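For reference, the chains in residue letters:
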Amino acid sequence: MAELRRSLVMTSSDTSVARAGSRFRLRCTPLALLALAMRRGINVDGQAAAIDRIGQWLDAWRQDRPAGPWWPKRVTLAELRAARSTRAPGRPSWCYATPGIARARQLADYSVAS
């Protein structure tokens, strides 16, 4: 696994999301890793299903505004139970959710489509 991670981080031009410290880290970094591995032909049982399930979870928390979509910085237990976020959008940087999540979703979509 360490060799796979090192290979993906060191040689792929698509690893910015994996190194960027994006929020929703428990979902986005594994999503990016699974997607990058699939794009390189590294597949295991359940990988496509995991990509799909993580993507569905992220899609469920997507918030839409006139300026564009965004995701909450974190989801509390109360928000999870209510199935909605009460937060305002965070700052637009890699470590505050939206760009990292969008990139992980893009990588996932590319990997599943190919």
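Here, every reference points to the structure presented above.
Residues numbered from 1 in each chain as written. Predicted model: local features only at pLDDT ≥ 70, side-chain atom pairs only at ≥ 80, totals over all residues. Heavy atoms only, no water.

A. Quick peek at the packing of helix α4 (residues 47-61) against helix α6 (residues 98-113). For the pair α4 and α6, interaxial distance at closest approach is 11 Å and the crossing angle is 145 degrees. The interaxial crossing formed by α4 with α6 has left-handed handedness. Contact residues: Ile51, Gly55, Leu58 and Asp59 in α4; Ile101, Arg105, Ala108, Ser111 and Val112 in α6. Along the lines of polarity and charge, the residues of the contact of α4 with α6 split into five nonpolar, two polar and two charged. (Axes fitted to C-alpha atoms, helices over the stretch in contact; angles between N-to-C directions. Helix = DSSP H or I, 4+ residues; strand = E, 2+ residues; numbered from the N terminus. Left-handed = near helix turned anticlockwise from the far one by under 90°. Contact = heavy atoms within 4.5 Å. Nonpolar A, V, L, I, M, F, W, Y, C, P; charged D, E, K, R; others polar.)

B. Structural detail: the nonpolar core. Counting residues in hydrophobic clusters, the biggest one holds 15 residues, and the most contacted among them are Leu31 and Leu58. Elements supplying a minimum of two residues to this core: α3 (25-39), α4 and α6. (Core = buried A, V, L, I, M, F, W, Y, C linked by side-chain atoms within 4.5 Å. Buried < 20%, exposed > 50% of the residue type's maximum accessible area, 1.4 Å probe, protein only.)

C. Summary view of the pattern of salt bridges. The full count for this structure, using the stated rule, is four salt bridges. For Arg62, the salt bridge identified is with Asp64, shortest N-O distance 3.0 Å. Residue Arg62 is classed as partly exposed on the basis of its relative accessible area, which comes to 40%. The shortest N-O distance in the salt bridge between Arg87 and Glu79 comes to 3.4 Å. Arg87 sits in the partly exposed class, given a relative accessible area of 29%. Accessibility expressed as a relative area gives 4% for Glu79, which makes it buried. One salt-bridge network, held together by shared partners, links Asp59, Arg105 and Asp109. (Salt bridge = Lys/Arg side-chain N within 4 Å of Asp/Glu carboxyl O.)

D. Quick look at α6. In this model, α6 (16 residues) spans 22 Å end to end at C-alpha, consistent with the 22 Å of a helix rising 1.5 Å per residue. Inspection of α6 places Gly100, Ile101, Arg103, Ala104, Arg105, Leu107, Ala108 and Ser111 among the buried residues, and these make up the whole buried set. (Expected span 1.5 Å × (residues − 1).)

E. Representation of the side chain of Gln47 within the structure. As for its position among the elements, Gln47 is in helix α4. If sequence neighbours within four positions are ignored, Gln47 has contacts with Leu34, Ala37, Met38 and Ile42.

By themselves, these figures tell us nothing about what the structure is for.
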